[in-house]
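As a plain string of letters, each chain reads:
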Amino acid sequence: MFAPMNSLLLAGGRVIDPADHSDFIADVFIHDGKIAAVGREAAARAPRDIERMDVSGLVVCPGLIDLHVHLREPGQAAKETIATGTAAAARGGFTSVVCMPNTSPAIDNSGTVALIHDLAIDHGHVNVFITGAISKNIAGEELAPVGSLKDAGVVAITDDGHCVQNNELMRRALEYARMFDLPVMDHCQDYSLVTDGVMHEGYWSTVLGLRGWPSAGEEMMVARNILLAGTTGAHVHCQHLSAAGSVQLLREAKKRGLPISGEACPHHFTLTDAAVAGSDKFWAADGKGIFGFHPGGGERQDWPSYDTNFKMNPPVRSALDREAILAGIADGTIEILCSDHAPHCDYEKEVEFDYAPFGITGLETELSLSLMQLYHAQRLSLPDLIAKFTVNPAKLLRLGKGTLAVGADADVTVFDPDRLWRFDKATSASKSVNSPFYGWTLKGKAVATIVAGRKAWVEEAKLVGA
């Protein structure tokens, strides 16, 4: 779906590029899919007949990167496809996504990598980077062929959706990954502690009569990964952290200089386990002032108890855990933000809470929720927030993205940090609608997503000359 390279002038925006610490009002000239000039000379260098987009009053930054996305192809196209998933990414302001390997079949061989690569070229709206599995069929029993996966083009290995329980196998995976210069991304879950838990173990799991999922089930594997990172020297990236103990373990390990990092998702730093008890319980306590303001004049969305759209892995946890995640993001312990976009069919979620699959969609709301909880709530500056979506994930996975430097690929996101909007199922680009945030009034929105100089998505009414 990639059209011929385009040329474009973005005029008068606030250009923020954390890769070189720039933040100023400037023009950006894109020529043949590359950044040609940024600053005063950009407009002068642009041909008179070039398309011009007035972005005054908006933020222009390197294209956002989501390093944790489930596109479901191959094998699960009823939930999502590369076409619909990347369309949702473009609508959310993301120019690059990194897809997880828990497809059917799993991405544990070079042939499946090649298949996804070809599908992304033919049907993708944004850049698609691919991760390979740590173990064959993500079964945690035998290593996948790490070398051939690297040769096929994967940017990392992970058994996301599952977690390697055998510590010896995980050690060997890290040793191989280091040999092939690949980071290892780990879904931190100790099965013997989590067992059949379906929500955070605490007050609300007891009140609701649901099986509890203790924080220690995550923290145990974070500690394991820290020890193995120190033993092997391989970089381990801990996925979708949710527990206060995990943040503290990561903080201490980073101070010791160990090759370890972590990511957080908006649902974990916005919601708590009280949300499973229904909107009244959430807004009465944990939901008070979560953004530091009330978007939409204080309008709040209602939902029933046991709503399966609030069931995710790992689960949303206590208010104390949420504050620890926010603190870890603010102090740099958690360097990367992502969605863990996990689409499911309606009928899969329309069952009792115990039996519903884990996961929610997130590509179209993660920028807004991050702006609300981090920037508007004055926990992070705008450049620091943007860094967690651009240069930081690009560095971790060595993507060659995340910058507006001259000569770089013209992947650019334009967004309005102050725009109020309502997230509506009817306007979603994803094939699935399992989000807890439908109907919420959000603040901050992408209005243009440019991939290699091509407009992957533009909200026409908001941009002059678009």
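Residues numbered from 1 in each chain as written. Predicted model: local features only at pLDDT ≥ 70, side-chain atom pairs only at ≥ 80, totals over all residues. Heavy atoms only, no water.

Describe the overall build of the chain, naming the residues involved and giving the relevant values.
When you go through the chain residue by residue, the secondary structure sums to 16 helices and 18 strands. A globule of 466 residues ought to have a C-alpha radius of gyration of about 23 Å, and the chain, at 21 Å, matches this closely. The dimensions of the chain, computed from C-alpha atoms along their principal axes, are 65 × 55 × 45 Å. When burial is assessed residue by residue, the chain has 61% of its 466 residues classed as buried. Contacts in the chain between residues far apart in sequence, at least 24 positions, make up 76% of those at least 6 positions apart. Carbon together with sulfur atoms contributes 51% to the accessible area of the chain, which is approximately 16,800 Å² in total. Here the chain contributes 41 positively and 57 negatively charged side chains, and the mean placements of these two sets differ by 4 Å. (Helix = DSSP H or I, 4+ residues; strand = E, 2+ residues; numbered from the N terminus. Rg over C-alpha atoms; globule rule 2.2 N^0.38 Å. Buried < 20%, exposed > 50% of the residue type's maximum accessible area, 1.4 Å probe, protein only. Contact = heavy atoms within 4.5 Å. Areas by Shrake-Rupley, 256 points an atom, 1.4 Å probe, with all protein chains shown as cover. Lys, Arg positive; Asp, Glu negative; His and termini not counted. Charge placed at Lys NZ, Arg CZ, Asp CG, Glu CD.)

Which residues make up unusual backbone geometry, and what values do they have?
Looking along the chain, the bond that leaves E73 and enters P74 is cis, with omega of 5°. Note on placement: P74 falls in the loop between strand 6 (64–69) and helix 2 (82–91). Omega for the peptide link from N313 to P314 comes to -5°, which places this bond in the cis form. When you line up the elements, P314 lands in the loop between helix 11 (279–284) and helix 12 (319–330). One non-glycine residue, H21, lies in the positive phi region at around 60°. Looking at the secondary structure, you find H21 in the loop between strand 1 (8–17) and strand 2 (22–31). Using a relative accessible area of 75% as the deciding quantity, one classes H21 as exposed.

Now, about the pattern of salt bridges: what can you tell me, with residues and values included?
Taken as a whole and assessed by the stated rule, the structure comprises 20 salt bridges. Among the ionic pairs, R211 bridges to D196, the shortest N-O distance being 3.2 Å. Here the residue R211 occupies a position in the loop between helix 7 (203–208) and strand 12 (212–213), and D196 occupies one in the loop between helix 6 (191–194) and strand 11 (199–200), the gap between them amounting to 15 residues. A salt bridge links D331 to R251; the nearest nitrogen and oxygen atoms lie 2.9 Å apart. Of this pair, D331 sits in the loop between helix 12 and strand 15 (336–337) while R251 sits in helix 9 (residues 244–255), and the two are 80 residues apart along the sequence. Overall, the relative accessible area of 45% leaves D331 in the partly exposed class. Judged by relative accessible area, which is 18%, R251 ranks as buried. (Salt bridge = Lys/Arg side-chain N within 4 Å of Asp/Glu carboxyl O.)

If you had to explain the nonpolar core to someone new, which residues and values would you point to?
Core analysis: the biggest nonpolar cluster contains 73 residues, and I329 and F415 have the highest contact counts within it. Not counting residues within four places of it along the chain, the set of residues in contact with I329 comprises A264, F269, I334, L337, L374, L380 and K388. Formed by 29 residues, the second largest nonpolar core is a distinct cluster that contains V198, A274, F310 and F353. (Core = buried A, V, L, I, M, F, W, Y, C linked by side-chain atoms within 4.5 Å.)

Give me the packing of aromatic side chains: which residues, what numbers.
Summed over all chains, the structure comprises 13 aromatic pairs. Measuring from centroid to centroid gives 5.1 Å for F282 and W283, while their planes differ by 65°, and the two rings are edge-to-face. By relative accessible area, which is 12% here, W283 ends up buried. Pairwise contacts between aromatic rings join F282, W283, F291, W303, F310, F437 and W440 into one cluster. (Phe/Tyr/Trp six-rings, centres within 6.5 Å; stacked < 30°, edge-to-face > 60°.)

An account of the sheet that holds strand 9 (residues 156–158) is needed here, citing residue identities and associated values.
Read across the sheet, eight strands follow the order 6-7-8-9-10-13-14-15 without closing on themselves; strand pairing throughout is parallel. Each edge of the open sheet carries a strand with a single partner, namely strand 6 and strand 15. Summarising the sheet, strand 8 (residues 127–132) and strand 9 pair through two bridges and their orientation is parallel. Bridged to G132 within strand 9 is I157. (Pairing = 2+ DSSP bridges.)

Describe the side chain of N434, with residues and values.
Looking at the secondary structure, you find N434 in the loop between strand 16 (412–422) and strand 17 (441–451). There is a polar contact of 3.0 Å between the side chain of N434 and the backbone nitrogen of H344. Excluding its chain neighbours within four sequence positions, the residues that come into contact with N434 are N309, A342, P343, H344, K349, G359, I360 and T361. (Polar contact = N/O pair within 3.5 Å; in protein donor to acceptor, adjacent residues only side chain to side chain.)

A description of the packing of helix 5 (residues 167–179) against helix 8 (residues 216–232) should follow, citing residues and the corresponding values.
Two numbers describe a pair of packed helices, the interaxial angle and the distance between the axes. Put simply, helix 5 and helix 8 touch, their axes get as near as 10 Å, and they point 45° apart. By the criterion of interaxial angle, the relationship of helix 5 to helix 8 is oblique. Taken as a pair, helix 5 and helix 8 cross one another with a handedness that is right-handed. Contacts from N167, M170, R171, L174, E175 and R178 in helix 5 reach R224, N225, L228, A229, T231 and T232 in helix 8. (Axes fitted to C-alpha atoms, helices over the stretch in contact; angles between N-to-C directions. Parallel < 35°, antiparallel > 145°, perpendicular 65-115°, else oblique. Left-handed = near helix turned anticlockwise from the far one by under 90°.)

Go over the pairing of strand 8, please, and point to the residues and values.
Counting buried residues along strand 8, six of its six residues qualify, which places the element largely inside the surrounding structure. Side chains N127, F129 and T131 of strand 8 all project onto a buried face; the interleaved residues V128, I130 and G132 project onto the opposite face, where all are buried too. Here strand 7 (residues 94–99) runs beside strand 8; their pairing, made up of four bridges, is parallel. Its bridge partner lying in strand 8, V97 is registered against V128. At this point the chain moves from strand 8, through helix 4 (residues 146–152), to the parallel strand 9, and the crossover so formed is right-handed. (Right-handed = clockwise from strand over helix to strand, strands pointing away.)

Take it as geometry only, folks, not as evidence of what the structure does.
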